[in-house]
Amino acid sequence: MSPAARLDTDAILRATFELLDQEGTAALSMRTLATRLQVKAASLYYHVPNKAALLRLVADRVAGQVITTLAPGRGWRDLLDGMAYGLRETLRTHPGAAAVVAVQNISPEVFEPAVPLVLSSMRVGLSVTDEEALHLVQSLYVLATGLALAEFGNAPEPPTAPAAYYDTWFDIAVSTFLAGVEARYGSAD
C-alpha cells in the first residue's frame, strides 16, 4: 500500500506533532509535512485544506485530550486543577505544540460538549454566571498554556531552567488563580 493510500487525518496529525516536537514550529509547512509522510503536498490537501486548518487541528487535538480527562461529579476546584495539569502534561508530551496552542482557537465542536460538565461543576460552591464560569475556564487555559509556552516554547530546544523551577512556577500560578476564583466567586454556603 502506498503512503498516500494510508494517509488520513490521524496520520497527518501524528506526523505534525512529531515534526513540531523534533524541529519546532518554524519547520512546519505543508511541503515539509508531506515529505515526512512520503507523499506529495497535494495529497495532504484532500484531508486538510491548508496550514491554518492543520494548526487548528493541533489545538483541537490537545484540547480534546484535556477534555477527556474531565470527569463528572468533581468539584469546581478539582475540575479546574485537573484541566490545568492535564493541559500541561499534554504539552509536556508534545512540547512543540505549545507555540501552536498558545495562538490557536479551539473549534466549537471540540469544547461545546464539555460546557455542561464545566458549568455544573462550577455552579456548586461558586456564585458565577454561565458566562463568568466560561471566562474563568478560558482564563485558566490561557494561563496554563502561557506557562507551558515559557517552558516548552523553544522546542526542540530543552527548557532553559530545571524542571523543578517550572513545576514550582506552575503550582504557584494555578493555586493562586484558583484561590482568586474562590475569593471572588465563592459562595457562603
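Residues numbered from 1 in each chain as written. Predicted model: local features only at pLDDT ≥ 70, side-chain atom pairs only at ≥ 80, totals over all residues. Heavy atoms only, no water.

### Points about the environment of Leu-57
Within the secondary structure, Leu-57 sits in helix α4 (residues 51-67). Separated by 44 residues in the primary sequence, Leu-57 and Leu-13 have C-alpha atoms spaced 7.6 Å apart. Setting aside chain neighbours within four positions, we find Leu-57 in contact with Thr-9, Leu-13 and Val-48. (Helix = DSSP H or I, 4+ residues; strand = E, 2+ residues; numbered from the N terminus. Contact = heavy atoms within 4.5 Å.)

### Notes on the pattern of salt bridges
Throughout the structure, instances matching the rule amount to 10 salt bridges. Across the salt bridge formed by Arg-92 and Glu-89, the nearest N and O atoms sit 3.6 Å from each other. Here the residue Arg-92 and the residue Glu-89 both occupy positions in helix α5 (residues 76-93), the gap between them amounting to 3 residues, near one helical turn. Overall, the relative accessible area of 33% leaves Arg-92 in the partly exposed class. Given a relative accessible area of 42%, Glu-89 falls into the partly exposed group. With a shortest N-O distance of 2.8 Å, Asp-130 and Arg-123 are connected by a salt bridge. By relative accessible area, Arg-123 is classed as partly exposed at 45%. Counted as one network, the salt bridges with shared partners bring together Arg-88, Glu-89, Arg-92, Glu-151 and Asp-167. (Salt bridge = Lys/Arg side-chain N within 4 Å of Asp/Glu carboxyl O. Buried < 20%, exposed > 50% of the residue type's maximum accessible area, 1.4 Å probe, protein only.)

### A closer look at α5
Taking 1.5 Å per residue as the helical rise, α5 with its 18 residues ought to reach 26 Å, and the 25 Å between its terminal C-alpha atoms agrees with that figure. Among all positions in α5, only Trp-76, Leu-79, Leu-80, Gly-82, Met-83, Ala-84, Gly-86, Leu-87, Arg-88, Thr-90 and Leu-91 are buried. (Expected span 1.5 Å × (residues − 1).)

### Remarks on the packing of aromatic side chains
Evaluated as defined, the whole model comprises 4 aromatic pairs. On the basis of an interplanar angle of 75° and a centroid distance of 4.9 Å, the ring pair of Tyr-85 and Phe-170 is categorised as edge-to-face. With Tyr-85 in helix α5 and Phe-170 in helix α10 (residues 163-185), this pair connects stretches of sequence that are 85 residues apart. Joined through ring pairs, the aromatic side chains of Tyr-165, Tyr-166 and Trp-169 make up one cluster. (Phe/Tyr/Trp six-rings, centres within 6.5 Å; stacked < 30°, edge-to-face > 60°.)

### Some details on α4
Here α4 is 17 residues long and its end C-alpha atoms lie 24 Å apart, about the 24 Å a rise of 1.5 Å per residue gives. Residues of α4 that are buried make contact with α1 (9-23), α2 (30-37), α5, α6 (98-101), α7 (108-111) and α9 (130-152). Structurally, the start of α4 carries an N-cap: the backbone nitrogen of Ala-52 is 3.2 Å from a side-chain oxygen of Asn-50. (Polar contact = N/O pair within 3.5 Å; in protein donor to acceptor, adjacent residues only side chain to side chain.)

### Some remarks on unusual backbone geometry
Omega for the bond connecting Ala-155 with Pro-156 falls within 30 degrees of zero, at 15°, which places this linkage in the cis form. If you trace the backbone, Pro-156 turns up in the loop between α9 and α10. One non-glycine residue, Gln-38, adopts positive backbone phi at about 60°. Looking at where Gln-38 falls in the secondary structure, it is placed in the loop between α2 and α3 (41-45).

### A word on the layout of surface pockets
Approximately 600 Å³ is the volume found for the largest pocket. Forming the boundary of the largest pocket are 22 residues, of which Ile-106, Phe-111, Val-137, Gln-138 and Tyr-141 lie nearest the centre. Elements supplying a minimum of two residues to the lining of the largest pocket: α4, α8 (115-123) and α9. For the lining of the largest pocket, the element with the most residues is α9, which contributes 7 residues. Among the residues making up the lining of the largest pocket, the classes are represented as 17 nonpolar, 5 polar and no charged. (1 Å grid on protein atoms, 1.4 Å probe; cavity = no way out; pocket = protein on both sides within 12 Å on 5 of 7 lines; lining within 4 Å. Points joined across faces, edges and corners; volume = space filled by probe spheres on them. Nonpolar A, V, L, I, M, F, W, Y, C, P; charged D, E, K, R; others polar.)

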